[in-house]
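Observations on chain architecture
Residues per chain are reported as follows:
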Amino acid sequence: MRKEVWFGLSIMALVVITVFVLMPAPSQMTNGHLGLLMLALIVVAIMLGFPTAFTLMGMGVMFAWLAYAHANPELAIQQTLDLMVQRAYSVMSNDVLISIPLFVFMGYLVERSNLIEKLFKSLHLALARIPASLAVATLVTCAVFATATGIVGAVVTLMGLLAMPAMLRAGYNVKVTAGVITAGGCLGILIPPSVMLIVYGAVAGVSVVQLYAGAFFPGIMLAGLYVAYVMVLAKIRPDLAPPLPLSERNVDMPTDLTAIRSKFGDKVLPAMAQALRDPAHAGVPSRTVVREMMVATLPALVFIVLMGLTWHAITKPDIVTDTSALQQMGAAGDASEKTENSGLSEPPAEGGAQGSGLTEPPAESSAEAPSTTAGSTPAPATEPSAAAPSPPPVPAAKSEAPNAPAAWERLSTPTAYWIVLAVGAAILLAFYAMFNFVRFEIFKLLLASFFPLAVMILAVLGSIVFGLATPTEAAAVGSFGGFVLAAVYALLKLPPEKRRAIAATWIPLWLLIGASIVWFLLLKFEVVESGPPLWVGWISIGAAALWCLMSVFQVKMQQTVKESVFLTAKTSAMVCWLFVGSSIFSAAFALLGGQEVVEKWVLSLGLTPIQFMILAQVIIFLLGWPLEWTEIIVIFMPIFIPLLAKFNIDPLFFGLLVALNLQTAFLSPPVAMAAFYLKGVSPKHVTLNQIFAGMMPFMVIQLIALALLYIFPGIGLWLPNTLYK
Amino acid sequence: MQRLLLLVDKMSTVVGQIFAWLIVSLTLLITWEVFSRYTLGTPHAWAFDTMIMMYGTLFMMAGAYTLSKNGHVRGDVLYGFFPPRLQAALDLTLYIVFFIPGVVALCWAGYRYAGESWMINEHSNITAEGPPIYPFKTIIPIAGIFLLIQGMVEIVRCVICLRQGDWPSREEDVEEVDVDKLKEMVHVKDEDIAKLDEIVVAEEARRP
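These lines cover the structure that appears in this document, whether it is placed above or below. (Residues numbered from 1 in each chain as written. Chains lettered and ligands numbered in written order. Predicted model: local features only at pLDDT ≥ 70, side-chain atom pairs only at ≥ 80, totals over all residues. Heavy atoms only, no water.)

**Here we look at the interface of chain A and chain B**
Many analyses report the size of an interface as the accessible area lost when the parts associate. The interface of chain A with chain B comprises 111 residues on the first partner and 89 residues on the second. For the chain A and chain B pair, buried surface summed over both sides reaches about 8,800 Å², with 76% attributable to carbon and sulfur atoms. When the buried area of chain A at its contact with chain B is split by residue, F50, M92 and W577 of chain A rank highest and sum to 9% of it. Notably, a salt bridge pairs R37 of chain B with E473 of chain A, separated by 2.9 Å at the nearest N-O pair. Where chain A touches chain B, the interface holds 14 residue pairs in polar contact (both at pLDDT 80 or more). (Contact = heavy atoms within 4.5 Å. Buried area = accessible area lost by both parts, 1.4 Å probe. Salt bridge = Lys/Arg side-chain N within 4 Å of Asp/Glu carboxyl O. Polar contact = N/O pair within 3.5 Å; in protein donor to acceptor, adjacent residues only side chain to side chain.)

**So, the nonpolar core**
With 280 residues, the main nonpolar core has W577 and F654 of chain A as its most contacted residues. Sort the elements by how many residues they give to this core and helix α29 (residues 558-591) of chain A lands first, with 18 residues. Contact partners of W577 of chain A, with chain neighbours within four places excluded, come to A53, F54, M57 and S572 of chain A together with F59, M60, G63, H72, L106 and L147 of chain B. In terms of nonpolar packing, the next biggest core, distinct from the first, is built from 22 residues, A275, V284, M293 and F443 of chain A among them. (Core = buried A, V, L, I, M, F, W, Y, C linked by side-chain atoms within 4.5 Å. Buried < 20%, exposed > 50% of the residue type's maximum accessible area, 1.4 Å probe, protein only. Helix = DSSP H or I, 4+ residues; strand = E, 2+ residues; numbered from the N terminus.)

**Looking at the pattern of salt bridges**
Once the charged atoms of two side chains with opposite charge are near each other, the side chains can pair. This model, assessed by the stated rule, comprises 19 salt bridges over all chains. Residue K646 of chain A pairs with E599 of chain A through a salt bridge whose shortest N-O separation is 3.3 Å. Of this pair, K646 of chain A sits in helix α32 (residues 629-646) while E599 of chain A is found in helix α30 (residues 594-604), placing the two residues 47 residues apart along the sequence. When its relative accessible area of 45% is taken as the criterion, K646 of chain A is described as partly exposed. Given a relative accessible area of 16%, E599 of chain A falls into the buried group. One salt bridge in this structure joins E122 of chain B and K137 of chain B, with 3.0 Å as the shortest N-O distance. With a gap of 15 residues between them, E122 of chain B in the loop between α5 (84-119) and α6 (134-164) and K137 of chain B in helix α6 connect regions that are remote in the sequence. The exposure class of E122 of chain B is partly exposed, given its relative accessible area of 22%.

**Let's talk about helix α6 (residues 116-126) of chain A**
Of all 11 residues in α6 of chain A, eight are buried, a share of seventy percent or more. Listed as buried for α6 of chain A are I116, E117, L119, F120, S122, L123, H124 and L125 of chain A. Buried residues belonging to α6 of chain A abut α7 (133-149), α8 (152-169) and α25 (437-465) of chain A together with α7 (179-185) of chain B.

**Quick look at a nonpolar patch on the surface**
On the surface, a cluster of nonpolar side chains totalling about 330 Å² of accessible area is made up of L298, L301, V302 and L306 of chain A. Note that L298 of chain A resides in helix α17 (residues 298-315). (Patch = residues over 30% accessible without salt bridge, like charges linked within 9 Å, V, L, I, M, F, W, Y side chains within 5 Å. Areas by Shrake-Rupley, 256 points an atom, 1.4 Å probe, with all protein chains shown as cover.)

**Quick look at the side chain of Q702 of chain A**
Residue and element names in this part refer to chain A. Tracing the backbone through its elements, the reader meets Q702 in helix α35 (residues 688-711). There is a polar contact of 3.4 Å between the side chain of Q702 and the backbone nitrogen of T664. With sequence-adjacent residues up to four places away left out, Q702 is seen in contact with L222, Y226, Q663, T664 and L667.

Right, here's the structure in full:
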């Protein structure tokens, strides 16, 4: 047998022997000691390579039985079985873990949508001018794609196939190339929506929403540090990361646009406008010009619509018609109470509600403001939108004519709005001033690859972080979005005639679906008074169902969906069974009082919170070398988490540090998965040692990021504190 | 023997794959519920219970499938370096020491747990008049039994490996990282990679 095998086995034997030597004689053994024994054995057992979930389960059952047998031998088996099945059931009915299969499903669908090639190409053209442009493009591609998919192996392999040849051909150093790809591919584990944070949230009992909000900026920071590093490196040592040759920066231009450019100049908007006014001279069909014009003005249009709706929403005074209608229904027709309610139902003023703008309440209720109704008011007032569709009772509506929406005036616009508007407009102006045809072409490429993914991620994340939807809901809608994305990209691959024929069937259906959604958005921006009626909603649902069914067959999605489904099942079974095992294991550990022994020991060290924190992070960092993140979180976090309260450490903050720390677990040999995936697709003269050496600077950056987050906790905690406290 | 093993693999796979489709219905159900609740203002009380049941059933029933494809996470540091015989010996021991007691306990405990639930005709108490919960609890022993059968097959595999010195084959399944498929997806051929190798060699030569 080989040397490393003997080395490994002898280390394990050493651990076992040490543990047995240190243990007191069986007669003096307490349950606490058993707990420690269990912990030592599990580390050895995991190293032996048996599926961890079942190691945990088996060991947990045995030690739980031992613990119960100590107390009451007759009931021991009974109690062990009860404990076990309850733990298993609690994982099955866990409302946090349910988002795991959904996010995983979304990831596989997006991965298979085949957009990484376009993404990388467009980003590499867009970033061509900056130093180390290919490396930066790789990092950005990885960050976006890995965030959407969360599958390290696939991202590293794909980037190894796409970015590695490009970088090596451009004369990049092999180590730099390998480092950029592996480090970038692992970003998806940290930047939310990531599965790791869900698992941590479920173990530590921290809200996943807060974890997502907290991990957002540290993730961006880490990606930013990577980018800064490669840019500085390219400036200092241009031989390691040379600038892109001009031939690689070439952007293909469609002939129509070249024609317009040669006649009317390089500025897109003026040139297009002239071409539109004088189609005969341009020699380009005006339909094409109109279409290109629409794409070109898209940023401005989006900006105007968004700012307009925001202005409308913040300057519109709070109307109480809806809420009073709801309260009247609740008030069971007592006339006097009704009037009181309508007067009192002023929703709590929020920033924009400066006194002058409040046009109501009607005078009739001003005299009487009894405290009895005040108590009943807030509860129904919190959900005016839910009550919106139901019309107010007829007599009440008549008596409250002054409350009708026509009566209000706009509130004064806050200064902040004007500042945002001015800055946005300035940026837009600068953008259009520099908008030449090459940039227009790159913009179109980005529009087809980068923006859909970015919008999807931000929509999923935004709706979670701002509390519009639970992580589960956002994950499910995200999966649906992943399916739409995959279908659309499959459509784009088809030949043009076929594409047009299929698109002709899709667009009407999309319009039907969109009708409800636009209506709903208008409701949210307070442009319309009520949500879409039920029948409109059902038409949209029907259209969506029809579209799903049709698209699966039209663009041959069967294989993609089938594979994603099976992979999702395997991945979720892997994570969730591990969870079943570990929750039985940690229950046994707690039963034996192992937790107390550890706690006593740690407290006896007399550490300050800072020392404890550093110790914990060092332990996790070291565990990351032999183990994977799933094992570290589900086995070792339950031991750390109870200690946090003793040292007054916020489990949320600890979780962010752990998530950042576990990034290193992916890059630390010998179990650095990323390196092996990259090795699998690299040319044969690229050695594993080169890849490992390339990863080292990025590991150092991760440690720097960890230190930064530790010194300035605001990086992570600012967003959750602002939003939720 | 090999045929029997593959047959059991097939059974676990088919069962796992059938239940895997729950992810599609889960996605659609939640998407629909989100639309219905937020846009139309008509939430459904039973949706939450149904979601949980779909999720729980999905991963429990996929346990044996994942085992049959060797998909459960292992501590790979040393295991990967071991020769097949040593791997098989370790696996066999640990299957008997940890797996069998653990899963048998789970089956038995699950059987009684579900039995009690059937007896009292248990309904979910998350919402008023929740849906019945006993079928969901019955999933525990059923998933446990499938897992146990698959575990037996794995034990036989270990024995065969101990005798022959190498692992008996498994049926192919969709892989998370299927390098060939990914190559095809981004239009990279093996020759391209081979060509790239010259660049790497050239670069090595330039460097002292």
